[in-house]
Amino acid sequence: MTKARGPAETLLNEPRCMNCRRKLSDPVSIERGCGPSCWASIQALSKRPCDPANRSDYEYHYTRLEGRAVLVITDLDRGGMSVTDNMEAILDRIAYYAGADPYFIACCGPPVICRDPEGNYDGVRLSPDGTVTFTR
Ligand SMILES: [Zn+2]
């Protein structure tokens, strides 16, 4: 019997594409949690102007910190809205591409860390009412 796995568990045990769930083998794909063809389509989709997450310039990837999977969201600071101010929409978008609920990403999935343009890292929490808070 196979059991549905969450992104964190999947990442730790057998790296799979967060989009199509195929196994990932090359380090670049494993780092971003997504295979090359899915990455291309996600990049194309994320250019949609109507997406509120696009008010910010950001990129995200899964990595390991002290042996645990974490989701790192980096503010690219290209003149758009700051990732910090737009975190709710960004989490929503990441959850959408991962096929997960935003609460899963923020609460049950890997811890979320946000890297601001100055290189500072903040922990990100999403409460059930949708409020985003940051911890340092
Ligand atoms: Zn894929």
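Residues numbered from 1 in each chain as written. Predicted model: local features only at pLDDT ≥ 70, side-chain atom pairs only at ≥ 80, totals over all residues.

### Things to note about the overall build of the chain
Next up, step 1: Scanning the chain for helices and strands turns up 5 helices and 5 strands.
Next up, step 2: From first element to last, N terminus to C terminus, the chain shows the α and β order α-α-α-β-β-α-α-β-β-β.
Next up, step 3: Residues counted as buried form 29% of the 136 residues belonging to the chain.
Next up, step 4: Contacts spanning at least 24 positions in sequence make up 43% of the contacts within the chain whose residues lie at least 6 apart. (Helix = DSSP H or I, 4+ residues; strand = E, 2+ residues; numbered from the N terminus. Buried ≥ 20, exposed ≤ 12 C-beta atoms within 10 Å, placed from the backbone. Contact = placed C-beta atoms within 7 Å.)

### Some words on the sheet that holds strand E1 (residues 58-65)
Next up, step 1: Pairing within the open sheet is mixed, and its 5 strands lie in the order E1-E2-E3-E4-E5. Two strands bound the open sheet, and with one partner strand each, they are E1 and strand E5 (132-135). Recorded for the sheet is a direction-independent mean angle of 35 degrees between the axes of neighbouring strands.
Next up, step 2: Inspection of the sheet shows strand E3 (residues 112-115) paired to strand E4 (residues 121-126) by 4 bridges, in the antiparallel sense. Counted as the bridge partner of Cys-114 is Asp-122 from E4. (Pairing = 2+ DSSP bridges. Axes fitted to C-alpha atoms, helices over the stretch in contact; angles between N-to-C directions.)

### Considering unusual backbone geometry
Next up, step 1: In this model, Arg-21 sits at a positive phi of 70 degrees, which is unusual for a non-glycine residue.
Next up, step 2: Within the element layout of this structure, Arg-21 appears in the loop between helix H1 (7-13) and helix H2 (27-32).
Next up, step 3: Phi is positive for Asp-77, which is not a glycine, with a value near 50 degrees.
Next up, step 4: With respect to the helices, strands and loops of the structure, Asp-77 is situated in the loop between strand E2 (68-75) and helix H4 (87-98).

### A closer look at the nonpolar core
Next up, step 1: Grouped together as the largest cluster of nonpolar side chains are 23 residues, with contacts concentrated most on Ile-73, Val-83, Met-87, Ile-90 and Cys-114.
Next up, step 2: Counting residues per element, the ones that place at least two in this core are E1, E2, H4, E3 and E4.
Next up, step 3: Per element, the largest residue contribution to this core is 5 residues, and it comes from H4.
Next up, step 4: Apart from residues lying up to four places away in sequence, Ile-90 is in contact with Ala-53, Ser-56, Tyr-58, Ile-73 and Val-83. (Core = buried A, V, L, I, M, F, W, Y, C linked by C-beta atoms within 7 Å.)

### Re H4
Next up, step 1: Helix length check: H4, at 12 residues, gives a terminal C-alpha distance of 16 Å against a target of 16 Å (1.5 Å per residue), a fit within 8%.
Next up, step 2: Those residues of H4 lying buried are Met-87, Ile-90, Leu-91, Arg-93, Ile-94 and Ala-98. Down the axis of H4, the smallest arc covering the buried residues is 160 degrees, so these residues share one side. (Expected span 1.5 Å × (residues − 1). Arc of directions from axis to C-beta.)

### Things to note about the pairing of E2
Next up, step 1: Burial along E2 is one-sided: the residues Ala-69, Leu-71, Ile-73 and Asp-75 are buried and none of Arg-68, Val-70, Val-72 and Thr-74 is.
Next up, step 2: Here 8 bridges tie E1 to E2, and the two strands are oriented antiparallel to one another. What sits directly across from Glu-59, in E2, is Thr-74.
Next up, step 3: Hairpin geometry of E1 and E2 is characterised by an intervening segment of 2 residues between the two adjacent antiparallel strands and by a positive phi of about 50 degrees at Glu-66.
Next up, step 4: Here E2 runs beside E3; their pairing, made up of 4 bridges, is parallel. Bridging from a neighbouring strand, Ile-73 pairs with Cys-114 of E3.

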